[in-house]
Amino acid sequence: MMPRPVSIDSSQPDSRPKPHSRSVTRQQLRDTVWGYGLILPSLLVFLIFFYGPALFLAYIAFFHWSIFASQSTFVGLKNFTTLLHQPIFWQSLLNTAYYVVAVVPATTLLALALALLLREGMGRFGGGFSRALIFLPHVTPVVATSIIWVWIFNPQFGLANVVLHFFHVPPSNWLESVHWALPSVMIYTVWHSVGLYTILFLAGLASIPRSVLEAAATDGARGWRVFKRILWPLLGPITFFVIVLATINTMQTFSQVYTLTGGPHGGAGGPAFSTTTDSLLIYQTAFLYLHFSLASAMSLILFVLILGLTLIQKWFADRFVFYR
Amino acid sequence: MARVTFRRVMKTFGSHDVLSPLSFEVADGEFFVIVGPSGSGKSTTLRLVAGLERPSQGEIYFDTERVDQWPAHTRDVGMVFQNYAIYPHMSVYSNMSFGLEAQRTPKHTIAQRVQQVAALLEIEQLLPKRPGELSGGQKQRVALGRALVRNPRVFLMDEPLSNLDAQLRDHMRTEIRLLHDRLKITTIYVTHDQTEAMTMADRIMVMDQGRIQQIGTPAEIYAHPSTIFVAKFFGSPSMNIVSGRIAVDKNVAWFHPAHSPETPIPLPTSVSTLLPEDSTSHTIYMGFRPEDIVPKPLTNAFAFAFVPTTIESLGSHCQTHGHWHHHPISLTHRTPESFQRHQETRLSVPWSGIHWFAGEAGSRITVPDPDDVRQEVLTP
Amino acid sequence: MRASKLWPVVRLAVALLFIIPVYWILVLATGYHGAVYHLPPVWVPLFHWAPMVYVLTHTHWMRYVLNSVGITTATIVLVVATSALAGYALAEIPFKGQTAYFFLILGVMMLPAQALLVPQYVVMFHLHLINTYAAMVVPFAASTSGIFLFRQFFKKIPVSFGEIARIEGVSTLTYIRRVAVPLAKPAVATTVLLTFIASWNQFQWPLIMTNSPQIQPIELALSHYMQAYEANWRELASAALIALSPILLVFGFTQRYIVQAVAGGDLNAKD
């Protein structure tokens, strides 16, 4: 075969190498246009309906402001001081604290117990079916299932008092009682949300290598000892994650408080405001009494609290990988 | 079909030069193989032709059209990827027609083209199937078919055979080459496999570290490797390389091998006159292919003492590995009984079978015989 | 050995406790009229569908159901579209601002929903979206976890798939629609399921953003109905069952995926 001599025809114009800086930018420009074009729909949603309102919140909290008036005046911290002088604000904080302090540990412990139960001796029934049943309440619409719980908590013919009667405990007025209204909501919340945290614990348990457990079993460790020595230390991170997530969620509970105690059951927020939590109070202040500035000040406090918790949780989640 | 020309094409990623200025030309209808180890820039070169990358500097021509800034789809190239890039959720037919549909080709034209190409590749019965049902070789054909359907000016293949098992690879090698002989589409084929390069190419371009090492026909490249890199890349076992120095003593040039400087080898004048004048001042490499070694002492040849350590019989011939004063040497020869393990023998290489290299790049320093084919190395 | 045979039974018994309330909705909705007041409670559903048929045909419930169906469908379609587009940009297109957008999405995930309702209402008010279907859909037309999920799946698609499309002149949008999204089916399924549940269960948002019976979804209607006709237990339970059954049906068929999506989605959506 004849060799083909390579000819580089230098008589051709423009044969000197020239950097194509302009055209490299053209490719980058294309990518930029497409990149922004494709994120635009979601970006607009996030900016208009999330970041915009978040910034706006900080603004209206420091102004005397009404949705119908065109003018707003800067009032500094006045909205906050007004809040501090309102007993209902303190009551709502107390209610929220009570609610969170009761629900979070109860949910976490129950979820952990359920996760261990579901995990124990996977049988023919399949952990999957039981797991699905326990998780189911979490995906049910709150209003629809609240209806049945209102009936369960009915003092005259509800199931709750039937159960109490069975254990020879005096009946309660549940949602209509100052002392029991909020605990009733707590019971509903635990029922509705424990499945979620159970799943998270199960995910955490699944990430524990089988070999660790088998090694423990061959060492003769079983039951409580396995839990205390092996599972619990390894579950530490996920437990923290669950506690923070549950705290963030319970601090924002609204729907079941509104539905279970908002109607004719002793007025909005339970009898004697016993179930008026922070989110319920914000709702009432803004949308029933139209005190937007005051509601914004409350929202801002809640915002800062929850964002702080979220940041702790994110920081933590990034440091520990629980689940692959 | 087109001639492809690279003019001083450079590619940099950040501050890193992936390609030093490359200039070469692929003739119309040629089967051009780019070969080199990973990281040599061969795939980048192919991607520059395809339009998947833009050069940082320089120009690329298809015939007389400058295409280096054209978007990929305007260049009319067909490409076969190493993993075939066949969409697993589409039938073979849809895979082949997808590109044409995107360019709004009329439906009956598409059907006609797909049928035609499927017939050519004998994959008609595969058209309704899903890629998951196909064997490796069938997928390979579908990938070829998808590229051919577009009637490409240039056919590009990026390691298309490396996902196949050895037997199928040999078979597809022949098949691709026969296909090329029928269609005569300009083909640029990238591989790291020297056998593919040697058996398939009209011409080979050897690359290393972003530079062209040599361009030539398989025969040229084997007979006259222009660098140590090229010399060692082709041939199995690869070429024996011995480094050393030239010293002139009593009007005779002596080669002092680095591994045993105390046993210099006198060079005949036919050899020493070919070496450039400054050869005494730096390291010189002598190279000889395993098959050029003769397992007996010859007169007027380069001879050395050899201790064989392993003798492998491959049926048709033997490969023997051993050492010359602790410097590893391999040779191939016919008869297994030529050697006894660990027993020193003398080997010779005719002076014509020895290649000389020098310099940091290990460039060939022998001035070729006038009747040898002229070499042109384009590395700047 | 005996204990290991007992565990599944214990497990199932505990699990059944959790769905008693859901089961009871069925009992009350399809039971005889006075079943609610019966002591001890009635345990067996009678499958009298008449009350449910009545609720669907003689009241506005059909309207509310259709509202919910429309809102949920529109939200799902939009979420899948916006998530696929943004996920593709984050996974495949190198552009300045990509990392910024990644963190912007993480930021959205961290914003507390309750604290934003007041300013969100103001924004909706000024956009004249109060009492519109758009108010129920548009703010939820983008999903942070959806974007991350699609991004994660698109990253798994071999680079050469996109490159061959570029060579063949397939446009980016066609490639996304015909190649990338079909290859990310699990991401589509997960996004559809999670969006369906979230959207169908919406309550507080419509409560604040609409007071029009024309627009309100079933959950909101249910809440109003509950406050107005508390004593009408059978109709109430029937309406609740109507609101509940799409969720129960979908969950029944896809619980495995939903549980996985929730476990994975909350823990490592952004990888």
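Below, the structure is looked at part by part.

### Re the overall build of chain B
Broken down by element type, chain B carries nine helices and 20 strands. Projected onto the principal axes, the alpha-carbon positions of chain B cover approximately 80 × 45 × 40 Å. A burial count over chain B gives 42% of its 380 residues as buried. Across chain B, every contact between residues at least 6 apart in sequence was considered, and the portion connecting residues at least 24 apart equals 66%.

### What about the environment of Val 118 of chain C?
Within the secondary structure layout, Val 118 of chain C lies in helix α5 (residues 113–126). Separated by 90 residues in sequence, Val 118 of chain C and Ile 208 of chain C have C-alpha atoms that sit 9.3 Å apart. Filtering out sequence-adjacent residues up to four positions away, Val 118 of chain C remains in contact with Leu 57, Ile 282, Ala 286, Phe 292, Ala 295, Ser 296 and Ser 299 of chain A.

### Quick word on the sheet that holds strand β17 (residues 327–333) of chain B
Residue and element names in this part refer to chain B. Strand order across the open sheet formed by four strands is β17-β16-β15-β18, with antiparallel pairing between neighbours. Only two strands of the sheet have a single partner each, and these edge strands are β17 and β18 (345–350). For this sheet, the mean inter-axis angle between neighbouring strands, taken without regard to orientation, is 50 degrees.

### Description of the interface of chain C and chain A
At the junction of the two partners, chain C supplies 82 residues and chain A supplies 80 residues. Of all elements in the fold, only α1 (2–30), α3 (61–92), α4 (98–110), α5, α10 (185–200), α11 (204–209), α12 (218–228) and α13 (233–268) of chain C reach the threshold of two or more residues within the side of chain C that touches chain A. With 17 residues, α13 of chain C is the single largest residue contributor to the side of chain C that touches chain A. Class assignment of the residues belonging to the side of chain C that touches chain A gives a composition of 63 nonpolar, 13 polar and six charged.

### Focus: helix α3 (residues 107–121) of chain B
All names here are of chain B. The end-to-end C-alpha separation of α3 is 21 Å, in line with the 21 Å expected for 15 residues at 1.5 Å each. By the burial criterion, the buried members of α3 are Val 114, Val 117 and Ala 118. The buried residues of α3 occupy one face: seen down the axis, they fall within an arc of 100 degrees. In α3, the exposed positions that point more than 90 degrees away from the buried face belong to His 108, Thr 109, Gln 112 and Ala 119. Check the buried side of α3 and you find it contacts α2 (92–102) and α4 (136–149). Looking one or two residues beyond α3, the residue adopting positive phi is Glu 122, at roughly 55 degrees.

### Focus: the sheet that holds strand β6 (residues 77–80) of chain B
Residues and elements named next belong to chain B. Ordered in space as β6-β7-β8-β3-β9-β10, the six strands form an open sheet in which the pairing is mixed. At either margin of the open sheet sits one strand with a lone partner, and together these are β6 and β10 (211–216). Each strand of the sheet is rotated relative to its neighbour by a mean of 15 degrees, with strand direction disregarded.

### What to know about the packing of helix α7 (residues 144–156) of chain C against α10 of chain C
All names here are of chain C. One way to put it is that α7 packs onto α10 with a least axis distance of 9 Å and a crossing angle of 170 degrees. Here α10 runs roughly antiparallel to α7, going by the angle between their axes. Listed contacts from α10 to Ser 145, Gly 146, Leu 149, Phe 150 and Phe 153 of α7 are Pro 186, Ala 187, Thr 190, Thr 191 and Leu 194. Looking at the contact of α7 with α10 residue by residue, the classes come out as six nonpolar, four polar and no charged.

### Overview of helix α2 (residues 50–58) of chain C
Given 3.6 residues per helical turn, the α-helix brings residues three or four places apart onto the same face. Residues and elements named next belong to chain C. Listing the buried residues of α2 in full gives Pro 51, Met 52 and Val 55. All buried residues of α2 lie within an arc of 105 degrees about the axis, which places them on one face of the element. Within α2, the exposed residues directed more than 90 degrees away from the buried face are Ala 50, Val 53, Thr 57 and His 58.

### A few points about the pairing of strand β19 (residues 354–358) of chain B
Residues and elements named next belong to chain B. Summarising burial for β19: four of the five residues are buried, a large majority. Here five bridges tie strand β14 (residues 284–288) to β19, and the two strands are oriented antiparallel to one another. Residue pairing for β19: Tyr 285 is matched across the bridge by Phe 357. Both β19 and strand β20 (residues 363–364) contribute to a ladder of two bridges, which runs antiparallel. In the strand pairing of β20, Ala 358 is matched with Ser 363. Taken together, β19 and the strand that follows it, β20, pair antiparallel across an intervening segment of four residues, in which Gly 359 is found at a positive phi of about 85 degrees.

What counts, and at which threshold
Residues numbered from 1 in each chain as written. Chains lettered and ligands numbered in written order. Predicted model: local features only at pLDDT ≥ 70, side-chain atom pairs only at ≥ 80, totals over all residues. Helix = DSSP H or I, 4+ residues; strand = E, 2+ residues; numbered from the N terminus. Buried ≥ 20, exposed ≤ 12 C-beta atoms within 10 Å, placed from the backbone. Contact = placed C-beta atoms within 7 Å. Pairing = 2+ DSSP bridges. Axes fitted to C-alpha atoms, helices over the stretch in contact; angles between N-to-C directions. Nonpolar A, V, L, I, M, F, W, Y, C, P; charged D, E, K, R; others polar. Expected span 1.5 Å × (residues − 1). Arc of directions from axis to C-beta. Parallel < 35°, antiparallel > 145°, perpendicular 65-115°, else oblique.

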